[in-house]
Amino acid sequence: MKDSNYLKERNAKSIWHPMAHPADSLNNPPTIVTEAEGTRISDVDGHQVVDAVGGLWNVNLGYSCEPVKAAIANQLDRLPYYSIFRGTSNDCVIELGDMLQDFFAPDGLTRAFYTSGGSDSVETALRLARQYHKIKGQESRTKYLSLKKGYHGTHFGGASVNGNANFRTAYEPLMPGCFHIPAPYTYRNPFNETDPESLAQLCLQALEDEIAFQGANTIAALIMEPILGAGGVIPPHESFMPGVRKICDQHGILLIADEVITAFGRTGSWTGSRHWGVKPDLMCTAKAITNGYFPFGAVMIADHVVEVFEGDTEGKAAIGHGYTYSGHPVGAAAAIACVTETLRLNVKDNAAALGQQLFEGLQKLYDDFDMIGDVRGGHGLMCALELVSERATKKPIDKVTPVKLQKAAYESGAMIRVSGPNVILSPPLVLTAEDVDTILAALRSGFQSL
Ligand SMILES: Cc1ncc(COP(=O)(O)O)c(C=O)c1O
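None of the values given here were measured: they were computed from a predicted structure.

Let us now look at the overall build of the chain. The helix and strand inventory of the chain stands at 15 helices and 16 strands. Against the globule reference of 22 Å for 450 residues, the chain gives a C-alpha radius of gyration of 22 Å, in line with a compact fold. The dimensions of the chain, computed from C-alpha atoms along their principal axes, are 65 × 60 × 40 Å. A separation threshold of at least 6 residues defines the contact pool for the chain, and within that pool the share at least 24 residues apart is 71%.

The next point concerns the sheet that holds strand 10 (residues 297-302). Taken in spatial order, the seven strands make up an open sheet running 4-10-9-8-7-5-6, and their pairing is mixed. Single-partner strands in this sheet number two, and they are strand 4 (109-115) and strand 6 (178-181). In this sheet, adjacent strand axes meet at a mean angle of 20° when their direction is disregarded. Note: strand 4 against strand 10, six bridges, orientation antiparallel. Each residue of the ladder has a partner; that of Leu109, found in strand 10, is Ala302. Relative to strand 4, helix 5 (residues 91-103) is tilted by about 135°, and along the sheet it contacts strand 4 and strand 10. Its contacts with the sheet place helix 9 (residues 240-251) against strand 7 (219-224) and strand 8 (254-258), and it is angled at close to 150° to strand 8.

Bringing the site of the ligand into the picture now. Around the ligand, 14 residues are found, and the nearest of them are Gly117, Gly118, Ser119, Gly153 and Val260. At three residues, the largest contribution of residues to the shell around the ligand is made by helix 6 (residues 118-135). When its residues are assigned to classes, the shell around the ligand shows six nonpolar, six polar and two charged.

Another aspect to go through is the domain arrangement of the chain. For the chain, the assigned domains are domain 1 (31-61 + 346-449) and domain 2 (67-344). Just the C-alpha atoms count here: the centres of domain 1 and domain 2 sit 26 Å apart. Contacts between domain 1 and domain 2 engage 29 residues on the former and 26 residues on the latter. At the level of secondary structure, the elements contributing two or more residues to the side of domain 1 that touches domain 2 comprise helix 3 (54-57), helix 13 (347-368), strand 11 (372-376), strand 12 (383-390) and strand 16 (422-425). Among the elements that make up the side of domain 1 that touches domain 2, the one with the highest residue count is helix 13 (five residues). Within the side of domain 1 that touches domain 2, the residues separate by chemical class into 12 nonpolar, 12 polar and five charged.

All right, on to the pairing of strand 9 (residues 282-285) then. The side-chain alternation of strand 9 yields two buried faces, one formed by Leu282 and Cys284 and the other by Met283 and Thr285. Pairing of strand 8 with strand 9, which is carried by three bridges, proceeds in the parallel orientation. Looking across to strand 9, one finds that Ile256 is bridged to Leu282. Sheet topology places strand 9 next to strand 10; four bridges connect them, and they run antiparallel. Bridge pairing links Leu282 to Ile301 in strand 10.

Conventions and cut-offs
Residues numbered from 1 in each chain as written. Predicted model: local features only at pLDDT ≥ 70, side-chain atom pairs only at ≥ 80, totals over all residues. Helix = DSSP H or I, 4+ residues; strand = E, 2+ residues; numbered from the N terminus. Rg over C-alpha atoms; globule rule 2.2 N^0.38 Å. Contact = placed C-beta atoms within 7 Å. Pairing = 2+ DSSP bridges. Axes fitted to C-alpha atoms, helices over the stretch in contact; angles between N-to-C directions. Near = placed C-beta within 6 Å. Nonpolar A, V, L, I, M, F, W, Y, C, P; charged D, E, K, R; others polar. Domains from an automatic or database assignment. Buried ≥ 20, exposed ≤ 12 C-beta atoms within 10 Å, placed from the backbone.

And the structure:
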């Protein structure tokens, strides 16, 4: 490894960072992470902290998951790559397909389409949804609905259904035919409604209104995260997703669950849809499917959608979509080991229990620091603090304070993520109670330092 001075000096002179201003990366050198073990990461200066970000919502099993590492190494030796485009397959994708069929059986999902990550999974689901209607002879169904505050990656399709201007404005014009409805975000919403159940009903009414306005027969699909993640961890009332499912059914609209962060246990249930008792038509997964060790994803497809594609006799269901790395054997081998470990360790129960401990600890911080306007969580290991400069008026926080908080918390033992006014916590699901205490103590000392 190059020495620390070289790395710090060269970083922003040779690369641009995703989700960062290039000039800011030059002026404020990032933390250079060089090693990791268990739930902890170490930087180039040897400072070790608990990773309360879990990589990027993906390292659910921590950094020392030997079965996944071994699976990757062995597969690289045996078959490092082969494509699964028409005419070829590999043993790993078939074995993984069977595993995923079992894993997602309670969600009613019976086929996998492999991708190389979350944005690819979203793109795949959006495309398959349009094709589904075309096979059925409903060519007019091309539009998409989604939630404001939703995050669906950064491909043009995903960015078009994305509900946050930060990921849209610089890249407009986006795809036509995408329409957004209000999110069930109790802290701030256009209805000034603070009761979660009433707000869920109002958002559902807005959805029905939009469908009536657009015409149901023009809409292909609605895409949503079961719990909004990157938009600031927004858990809806339990009636919301079932309500969306019902409305989609009434109007022949496919429901795409974007579970790139919620699949595989993060919410305390194996999938976010299952958490709310909903069966989606398509489900996007990625991230934790390989514990973040290899870029990989899978779109899971409901049985009734499968029947339409597989029953087509007119050639309309030929899939003109896929990636060089769809079904990469190393990714599939990693996923086989990862799903096996995920089930063996039953990480969803730890996520539920420690998610509660973390959420309660954050509520105590709320009592002590006025800068915290809202605490969100209570469904597994995904929590957020929304910072404000004045609690009474919910005046948004300035841009600098969250960054200072992040630095101070890091010095005190925890890597946290700040995104706009939100502190987002998505640690590995193999976290311990002591790790939770470390995260909370680091946050407390961060707030005290401001
Ligand atoms: C819900 C959701 N969908 C899609 C994506 C995009 O995934 P990727 O960054 O792997 O392309 C993300 C990434 O955080 C996500 O949270």
